[in-house]
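The chain contents come next:
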Amino acid sequence: MPQLNDLSRSLVTLEQDATLIAVIEMGQSSWLVAGIVPGVERQPLKKLAVDEAALLKLLHRWRKEAEEAGHRITRITVGFEAGRDGFWLARWLRARDIEVHVIHASSVAVSREHRRAKTDRLDTELLKRAFLGWLRGERDHCKMVAIPTINDEDAKRPNRERESLVGEQSRIINRIKATLARLGIRGFNPKLKKAAERLEGLRTPEGEPVPPNTLSELHRDMERRRLVRDQIRQIESARLDRLEHAPGEGVHAMVRLLARVMGIGVETADMLVQEVLSRNLRDRRAVARYAGLTGSPDESGKKRREKGLARSGNPRVRRGMIQLAWRFLMFQKDSALAQWFRARTEKNARGSCKTMIVALARKLLIALWRLVREGVVPDGVILRPAQ
């Protein structure tokens, strides 16, 4: 029996004579809209500026043409690929009673020719073919992406901004160390509180001070690092305030429950909840697949091999779970998952750890999903006392 949130096929019967179908190839400066209009033999194609009002006007015009041809339109459905523009257009059209579906870009089948023709017009033909098959209910013809609310998207911003700022901080520190290394100065730690004050006293192996232009550059980098560090602290402080003042609101209860697991901090708990655990995923296989922690087998005839991780899911969740799996082995040594890992790697620790840590990350993610959804604590896992 199909699940209610099964996005691999449409669960609504397609009445093609009463349904106006349109697909959009979205670019930065223009949109190419292709339609299938009942009663109209030609399949219209219209290039528009990036203007949602003009798009809505075009859909209503096509509906009028279909009604003039003797077809009463009871359903208008629009599809386009997930991309740079995000989901704002889908929410805008849905607010105006237009059925919208966002197509997973990697699920659209394309020609495997080495040099295939690719234009916006040809892309709309591929989208129409894929979208029409999905509307007919053909399983796995293409896949749709769940359309989040604007609040759901906004809730992910602090964690993603912090990740970006941490990367920027690391780049600044590496740049400072590289600048000093060119002068033969090593052992300087830019992360110390008084690091900026120590720059004046640094000396090259020849006994010379840091050249003035280089010194000015280092001071600017130190100031930039201080600013980035303060912004990271602001994000972390704001998150703790939200958890403290509204502990049971929205997904905050999930974050607090997940942070009770030894080895999981608030940062990791918030990332997992916002990115994957708060989503309405179908089952445990969908959870692992969304994180990109499933395999990609390559079987043909006698050939049997595994090409590694599919990497088609959320890269933040995948990186975070693999890092968490290593920490889990340190903090939860007596848990059933840690014992399962050791039992399969003790004989061939050198060759199997890398493969098995991915399997542990997948099992751990599913266990955490069951913990926040059903309250099932994994066997042997130690929880911090509730606050």
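Quick note: structure is the one above.
Rules behind the numbers
- Residues numbered from 1 in each chain as written.
- Predicted model: local features only at pLDDT ≥ 70, side-chain atom pairs only at ≥ 80, totals over all residues.
- Heavy atoms only, no water.
- Helix = DSSP H or I, 4+ residues; strand = E, 2+ residues; numbered from the N terminus.
- Rg over C-alpha atoms; globule rule 2.2 N^0.38 Å.
- Buried < 20%, exposed > 50% of the residue type's maximum accessible area, 1.4 Å probe, protein only.
- Contact = heavy atoms within 4.5 Å.
- Areas by Shrake-Rupley, 256 points an atom, 1.4 Å probe, with all protein chains shown as cover.
- Lys, Arg positive; Asp, Glu negative; His and termini not counted.
- Charge placed at Lys NZ, Arg CZ, Asp CG, Glu CD.
- Axes fitted to C-alpha atoms, helices over the stretch in contact; angles between N-to-C directions.
- Parallel < 35°, antiparallel > 145°, perpendicular 65-115°, else oblique.
- Left-handed = near helix turned anticlockwise from the far one by under 90°.
- Nonpolar A, V, L, I, M, F, W, Y, C, P; charged D, E, K, R; others polar.
- Phe/Tyr/Trp six-rings, centres within 6.5 Å; stacked < 30°, edge-to-face > 60°.
- Lys NZ or Arg CZ within 6 Å of the ring centre and 35° of its normal.
- Arc of directions from axis to C-beta.
- Patch = residues over 30% accessible without salt bridge, like charges linked within 9 Å, V, L, I, M, F, W, Y side chains within 5 Å.
- Salt bridge = Lys/Arg side-chain N within 4 Å of Asp/Glu carboxyl O.
- Pairing = 2+ DSSP bridges.
- Expected span 1.5 Å × (residues − 1).

**Student:** Before we go on, may I ask you to explain the overall build of the protein chain in this structure?
**Tutor:** Regarding its fold elements, the protein chain presents 12 helices and eight strands. Taken over the C-alpha trace, the protein chain has a radius of gyration of 27 Å; the compact-globule value for 387 residues is 21 Å, which it surpasses by more than 25%. Here the protein chain holds 387 residues, and the buried ones make up 41% of them. Residue pairs at least 24 apart in sequence account for 59% of intrachain contacts in the protein chain once pairs closer than 6 positions are excluded. Accessible surface for the protein chain amounts to roughly 22,800 Å². Of this, 48% is attributable to carbon and sulfur atoms. Side-chain charges of the protein chain comprise 74 positive and 49 negative groups, with the mean position of each set lying 6 Å from the other.

**Student:** Would you mind showing me how to read the packing of helix 4 (residues 150-181) against helix 8 (residues 266-277) here?
**Tutor:** Each packed pair of helices is defined by two parameters, the angle between the axes and the distance between the axes. At their nearest, the axes of helix 4 and helix 8 sit 10 Å apart, and the two run at 135° to each other. Taken together, the axes of helix 4 and helix 8 lie oblique to each other. The chirality of how helix 4 crosses helix 8 is left-handed. Note on element contacts: helix 8 touches helix 4 through Glu 267, Asp 270, Met 271, Gln 274 and Glu 275, opposite Ala 155, Lys 156, Asn 159, Arg 160 and Arg 162. Of the residues contributing to the contact of helix 4 with helix 8, the split by class is two nonpolar, two polar and six charged.

**Student:** Would you mind going over the packing of aromatic side chains with me for this structure?
**Tutor:** The geometry of an aromatic ring pair is captured by two quantities: the separation of the ring centres and the angle between the planes. Throughout the structure, instances matching the rule amount to three aromatic pairs. With a centroid separation of 6.4 Å and an interplanar angle of 15°, the aromatic rings of Phe 131 and Trp 134 are classed as stacked. In this pair, Phe 131 and Trp 134 are both assigned in helix 3 (residues 120-135), three residues apart and thus about one turn of the helix distant. Across the pair, exposure class does not vary: Phe 131 and Trp 134 are buried alike. Positioned above the aromatic ring of Trp 340 is the side chain of Lys 363, whose terminal nitrogen or guanidinium carbon lies 5.0 Å from the ring centre.

**Student:** Would you mind going over helix 11 (residues 336-345) with me for this structure?
**Tutor:** Residues of helix 11 that are buried: Leu 337, Ala 338, Trp 340, Phe 341 and Thr 345. Here the buried residues of helix 11 occupy an arc of 160° about the axis, which is enough to place them on one side.

**Student:** What's the story with a positive patch on the surface in this structure? I'm lost.
**Tutor:** A cluster of basic residues, Lys 143, Arg 284, Arg 285, Arg 289, Arg 344 and Lys 363, forms a positive patch on the protein surface. Ranked by residue count, the leading element in the positive patch is helix 9 (residues 284-290), at three residues. On the secondary structure map, Lys 363 appears in helix 12 (residues 349-374).

**Student:** Is there a simple way to explain the sheet that holds strand 4 (residues 75-81) in this structure?
**Tutor:** Two pairing modes exist for strands in a sheet, parallel and antiparallel, and in both the strands are linked by backbone hydrogen bonds. Taken in spatial order, the six strands of this open sheet run 3-2-1-4-5-6, and their pairing is mixed. Two strands close off the open sheet at either side, each with one partner strand: strand 3 (45-49) and strand 6 (144-145). In this sheet, strand 6 lies alongside strand 5 (residues 99-103) in antiparallel orientation, the contact comprising two bridges. Residue pairing across strands places Val 102 opposite Val 145, the latter belonging to strand 6. This element, helix 1 (residues 52-68), spans strand 1 (19-26), strand 2 (30-36), strand 3 and strand 4 of the sheet and lies at about 15° to strand 2. Sheet contacts for helix 3: strand 1, strand 2, strand 3, strand 4, strand 5 and strand 6; angle to strand 1, the most-contacted strand, approximately 140°.

**Student:** Would you take a moment to explain the pattern of salt bridges for this structure?
**Tutor:** Oppositely charged side chains can form a pair if their charged atoms are brought close together. Applying the stated criterion to the full structure yields 23 salt bridges. Between Arg 171 and Glu 168 there is a salt bridge; the shortest N-O distance is 3.0 Å. Of the two residues, Arg 171 and Glu 168 both sit in helix 4, three residues apart, roughly one turn of that helix. On the basis of relative accessibility, which here comes to 46%, the residue Arg 171 falls in the partly exposed class. According to the relative accessible area criterion, Glu 168 is partly exposed, its value standing at 25%. Among the salt bridges present, the one from Asp 221 reaches Arg 175, with a minimum N-O distance of 3.2 Å. With a gap of 46 residues between them, Asp 221 in helix 6 (residues 212-245) and Arg 175 in helix 4 connect regions that are remote in the sequence. A single salt-bridge network, built from bridges that share partners, covers Arg 162, Glu 236, Arg 239, Glu 267 and Asp 270.

**Student:** What should I look at first to understand helix 1 in this one?
**Tutor:** Owing to its 3.6 residues per turn, the α-helix aligns residues three or four sequence positions apart on the same side. Under the 1.5 Å per step criterion, the end-to-end length of helix 1 is 25 Å for 17 residues, consistent within 8% with the ideal 24 Å. Buried residues of helix 1: Leu 55, Leu 56, Leu 58, Leu 59, Trp 62 and Ala 66, and no others. Looking down the long axis of helix 1, one finds its buried residues gathered within 160° of arc, a one-sided arrangement. Among the exposed residues of helix 1, those oriented more than 90 degrees off its buried face are Lys 57, Lys 64 and Glu 68. Immediately downstream of helix 1, the backbone of Gly 70 shows phi near 95°, a positive value.

**Student:** Hey, could you run me through the pairing of strand 1 in this one?
**Tutor:** For strand 1, the buried fraction is high: seven of the eight residues fall into the buried class. Here strand 1 runs beside strand 4; their pairing, made up of six bridges, is parallel. Among the inter-strand pairings, Thr 19 is bridged to a residue of strand 4, identified as Arg 75. Sheet topology note: the strand 1/strand 2 ladder contains six bridges and is antiparallel. Within strand 2, the position partnered with Ile 24 by the bridge is Val 33.

**Student:** I would appreciate a short explanation of the side chain of Arg 225 in the present structure.
**Tutor:** Relative to the elements of secondary structure, Arg 225 occurs in helix 6. Put simply, Arg 225 is tucked away with no salt bridge, and the nearest opposite charge, on Asp 230, sits 8.1 Å away. For Arg 225, the residues in contact, after removing those within four places along its chain, are Gln 169, Ile 172, Ile 173, Pro 190 and Lys 191.

This is a description of form; function is not addressed.
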